[in-house]
Amino acid sequence: MRYALIILILTLFCFNQVQSQVGYQKDSLQIKVYAAIDYVDSHPSEIKVKKVFCDYCSEFQIEKLSEEAYRRTFLIRNDKNVRLTNGTFKHALYIRVSKKDLAGLIRENFEVEEEVKSKN
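(A) Structural detail: the pattern of salt bridges. Tallied over the entire structure, the rule returns 4 salt bridges. A salt bridge links Arg 72 to Glu 68; the shortest N-O distance between them is 2.8 Å. Here the residue Arg 72 and the residue Glu 68 both occupy positions in helix α3 (residues 59-76), the gap between them amounting to 4 residues, near one helical turn. Residue Glu 68 is classed as partly exposed on the basis of its relative accessible area of 22%.

Listed below in structure tokens is the structure:
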């Protein structure tokens, strides 16, 4: 009886460990983006998205990821930890997106292309 109880507890513990690992990592992607903010006299003058690291993304997906990186960089431009007197602040962003949403961007791209073709 004692051994059966120990085996049951160990089994439940191992099952709990496996369940905790299943989460956002299973159904989402993390995409790295480099962005830069140029400062002149402590005021942001220009925001640039330098590079989107996504080997399997289409041009449309990269464009949408760049827009999201630009939006996130725009939101932090006046943060006191980011602001420079003169110069360029460079940073890396990690954009987490679900696989379904990224695949939805492909479908959206096809729908836009079909609308353009039908108008011509």
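There is more to say after this.
(B) A look at the nonpolar core. By size, the foremost hydrophobic cluster in this structure holds 15 residues, and its most contacted members are Ile 31, Val 33, Val 52, Leu 65 and Leu 102. Secondary-structure elements contributing two or more residues to this core are β1 (28-40), α3, β3 (87-98) and α4 (99-119). For this core, the leading source of residues is β1, giving 4 residues. When sequence neighbours within four positions are dropped, the list of residues in contact with Val 33 reads Val 49, Lys 51, Val 52, Ala 69, His 91, Ala 92, Leu 93 and Ile 95.

(C) Here's a closer look at the state of the cysteines. Enumeration over the complete set of coordinates arrives at 1 disulfide. Across the disulfide, Cys 54 is cross-linked to Cys 57 (sulfur-sulfur distance 1.8 Å). Across the S-S bond linking Cys 54 and Cys 57, the dihedral sits near 60°, which makes this disulfide right-handed. For Cys 54, a relative accessible area of 8% translates into the label buried. On the accessibility criterion, Cys 57 (11% relative accessible area) is buried.

(D) Region of the structure containing unusual backbone geometry. You will see that Asp 41, though not glycine, has its phi angle at about 55°, which is positive. As for its position among the elements, Asp 41 is in the loop between β1 and β2 (43-53). Classification of Asp 41 by relative accessible area gives exposed; the value is 53%. At Ser 42, a position not held by glycine, the phi torsion is positive, near 65°. Note that Ser 42 resides in the loop between β1 and β2.

Rules of the game
- Residues numbered from 1 in each chain as written.
- Predicted model: local features only at pLDDT ≥ 70, side-chain atom pairs only at ≥ 80, totals over all residues.
- Heavy atoms only, no water.
- Salt bridge = Lys/Arg side-chain N within 4 Å of Asp/Glu carboxyl O.
- Helix = DSSP H or I, 4+ residues; strand = E, 2+ residues; numbered from the N terminus.
- Buried < 20%, exposed > 50% of the residue type's maximum accessible area, 1.4 Å probe, protein only.
- Core = buried A, V, L, I, M, F, W, Y, C linked by side-chain atoms within 4.5 Å.
- Contact = heavy atoms within 4.5 Å.
- Disulfide = S-S within 2.5 Å.

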